Structure formats: C-alpha cells, structure tokens
Amino acid sequence: MTAAAVARAYGRLEVFVNMSQLTVSEMDLTSTSESVQQRQHWLVEQVLGWSGLPVVQIRPTVFMENPLFRVGFSSIAKNGSIRLPFGRAKTSPVTARDVAAVVEEILADPSPHIGRIYELTGPHSEDAAVMAAELSTALGRPVRYTDVPLQEWITDDLRPLGLPDHAFQHISTMARLHAENRYDRKADGVEQVTGRPPSGVADYVRANPSLFSL
C-alpha cells in the first residue's frame, strides 16, 4: 500500500505489476479461512483497484518451489515417497520460472496488459498420486504418494523447518486449503502472456535433478 502511494505521487509510472495469489479470486471482505498473508494479498488488490494506477494483477497458484512442496518432495530421495496431507485433493503448482517469464513479458510491453488479471497455474490439476506417477516416469524409479494426516504433517514435517511465525501460519494454512480441495484450479495465464504452455511436474524434476537424489 505504501508502494502504491509512492507510485501515484511519482506520477510517471508505465505499469505497476502486483504479485498477488490465486486464492484471492475466492475471497471477499468476510473471508476468514485463509492465512494472514492471503488476506493481505486481497487487501492490496482492493487498494490498487482504488488507486487509479496502471495496474496488472498477477495471481499465481502455489509455487513448485514453495516449502509446502519442498517438504513433501524431500522424502523422495530418502524413501521414494511424497509426503503431503492432501488426500485425493487436486493441485496445479506453477514454477517460479514461468511466473518470472510472465512478468518479464508484461514489463517489456506494458500497454496491452494494463487493467488485466492473469491467473497462473501449471498445465494440469491433479492429485498427489498422479503427481507421484509423473515423478516416477521423470526419475526412472518408483515414487509413491504417502497421505499424511494434516496435523501430523504440520508437527513432524513442517515445524522442523523453523519458519518465522507468519510464514509457518501461511504454509500450514495452504496445506489445509489443499486438503479441502481449494487449489483444484487450472488457468491459462502463462500461455496467454508468454505464448507457451507452463512447465509441469516432470519438467521441474528434469530442471532440478539434485533435489530428488541424495
């Protein structure tokens, strides 16, 4: 909000690209089930909408690089298992590289994008068992999905990371919302802006092999 005020006072701004989050599209003033971070994203979008600035809203879903997946994937190298509390809920994580490519395109030529909202996801919305099968193919070895009760996962897998309280509350809330199937979304924002489809789980594995081996 401070950045928006400064930008408006500056007065010579071509574009204000705001990194928001896909969850915002499901929220309103009375939403209470989301994290503090997600509610802040919603509020910032409201303020930018009032500001009169040349804004582009970028709404990525969960990043593939998020601690949520980093923790879930960390057991693949050890015992060939993804540990996540998702049940059969679906998700479509997006890579940071794809999000950066979208922002780069907008900054290079802002005018066609002013006032637009771009929702960014991966190529498929799928459950963790299907994701494990993709990982098996990409790695050339078996990977299975271990569904962990939410509170057990938070206590045993997430808390040992020692995240700051704000980040811990955000990630644990994202895990709960995943289990509630709130991340079962597929959007075409990456291809709409860059002209190419987004990277999938297998692409991420091939680009980061060291994350999946001891």
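Parameters at a glance
- Residues numbered from 1 in each chain as written.
- Predicted model: local features only at pLDDT ≥ 70, side-chain atom pairs only at ≥ 80, totals over all residues.
- Heavy atoms only, no water.
- Salt bridge = Lys/Arg side-chain N within 4 Å of Asp/Glu carboxyl O.
- Helix = DSSP H or I, 4+ residues; strand = E, 2+ residues; numbered from the N terminus.
- Buried < 20%, exposed > 50% of the residue type's maximum accessible area, 1.4 Å probe, protein only.
- Phe/Tyr/Trp six-rings, centres within 6.5 Å; stacked < 30°, edge-to-face > 60°.
- Pairing = 2+ DSSP bridges.
- Right-handed = clockwise from strand over helix to strand, strands pointing away.
- Polar contact = N/O pair within 3.5 Å; in protein donor to acceptor, adjacent residues only side chain to side chain.
- Axes fitted to C-alpha atoms, helices over the stretch in contact; angles between N-to-C directions.
- Parallel < 35°, antiparallel > 145°, perpendicular 65-115°, else oblique.
- Left-handed = near helix turned anticlockwise from the far one by under 90°.
- Contact = heavy atoms within 4.5 Å.
- Nonpolar A, V, L, I, M, F, W, Y, C, P; charged D, E, K, R; others polar.
- Core = buried A, V, L, I, M, F, W, Y, C linked by side-chain atoms within 4.5 Å.

(A) Quick peek at the pattern of salt bridges. Across all of its chains, the model carries 11 salt bridges by this definition. Among the salt bridges present, the one from E26 reaches R185, with a minimum N-O distance of 3.4 Å. Of the two residues, E26 sits in the loop between β1 (16-19) and α2 (36-51) while R185 sits in the loop between α7 (165-179) and α8 (189-194), which places them 159 residues apart along the sequence. Classification of R185 by relative accessible area gives partly exposed; the value is 23%. Three or more residues are tied together by salt bridges with common partners; here these are E26, E34, E45, R59, E119, R182 and R185.

(B) The arrangement of the packing of aromatic side chains in detail. The full count for this structure, using the stated rule, is four aromatic pairs. Relative to F86, the ring of F69 lies with its centre 6.1 Å away and its plane at 80°, an arrangement referred to as edge-to-face. With F69 in helix α3 (residues 67-79) and F86 in the loop between β3 (81-84) and β4 (90-91), the pair connects residues that are 17 residues apart, well separated along the chain. Comparing F69 with F86 shows no difference in burial state: the two are buried. Judged by centre distance (5.8 Å) and plane angle (50°), the rings of F73 and F212 are tilted. Within this pair, whereas F73 is found in helix α3, its partner F212 is found in the segment after α9 (201-207), the two being separated by 139 residues in sequence. Accessibility expressed as a relative area gives 4% for F73, which makes it buried. What links up through ring pairs into an aromatic cluster is the set F69, F73, F86, Y204 and F212.

(C) Quick look at the pairing of strand β2 (residues 55-60). Burial within β2 is extensive, with six of its six residues counted as buried. Where β1 and β2 come together, four bridges link them in parallel fashion. Paired with N18 across the strands is Q57, a residue of β2. With respect to chirality, the unit in which β1 leads through α2 into the neighbouring parallel β2 is right-handed. The sheet contact formed by β2 and strand β5 (residues 117-120) spans four bridges and is parallel. Within β5, the residue paired with I58 across the bridge is Y118.

(D) Layout of the environment of S51. On the secondary structure map, S51 appears in helix α2. A polar side-chain atom of S51 sits 3.1 Å from the main-chain amide nitrogen of L53.

(E) Geometry of unusual backbone geometry. At N181, a position not held by glycine, the phi torsion is positive, near 65°. Among the structural elements, N181 can be located in the loop between α7 and α8.

(F) Structural view of the packing of α3 against helix α5 (residues 128-139). Contact pair α3 / α5: the axes reach a minimum separation of 13 Å and the direction vectors enclose 50°. When the interaxial angle is binned, α3 and α5 end up oblique. In this structure, α3 meets α5 at a crossing whose hand is right-handed. For the pair α3 and α5, the contacting residues are F69, F73 and I76 in the first and M131, L135 and L139 in the second. Taken together, the residues of the contact of α3 with α5 sort by class into six nonpolar, no polar and no charged.

(G) Summary view of the side chain of S81. Tracing the chain through its elements places S81 in strand β3. If we skip the residues at most four places from it in the chain, S81 touches G72, S75, I76, R144 and T146.

(H) Layout of the nonpolar core. L68, F69, F73, I82, L135 and W153 are the most contacted members of the largest nonpolar core, which has 30 residues in total. Elements that contribute at least two residues to this core include exactly α3, β3, α5, α6 (150-158), α7 and α9. Setting aside anything within four residues of it in sequence, one finds I82 in contact with G72, F73, S75, I76, A128, M131, A132, L135, V143, R144, Y145 and T146. I58, V102, Y118 and V193 belong to the second largest nonpolar core, which has 12 residues in total.

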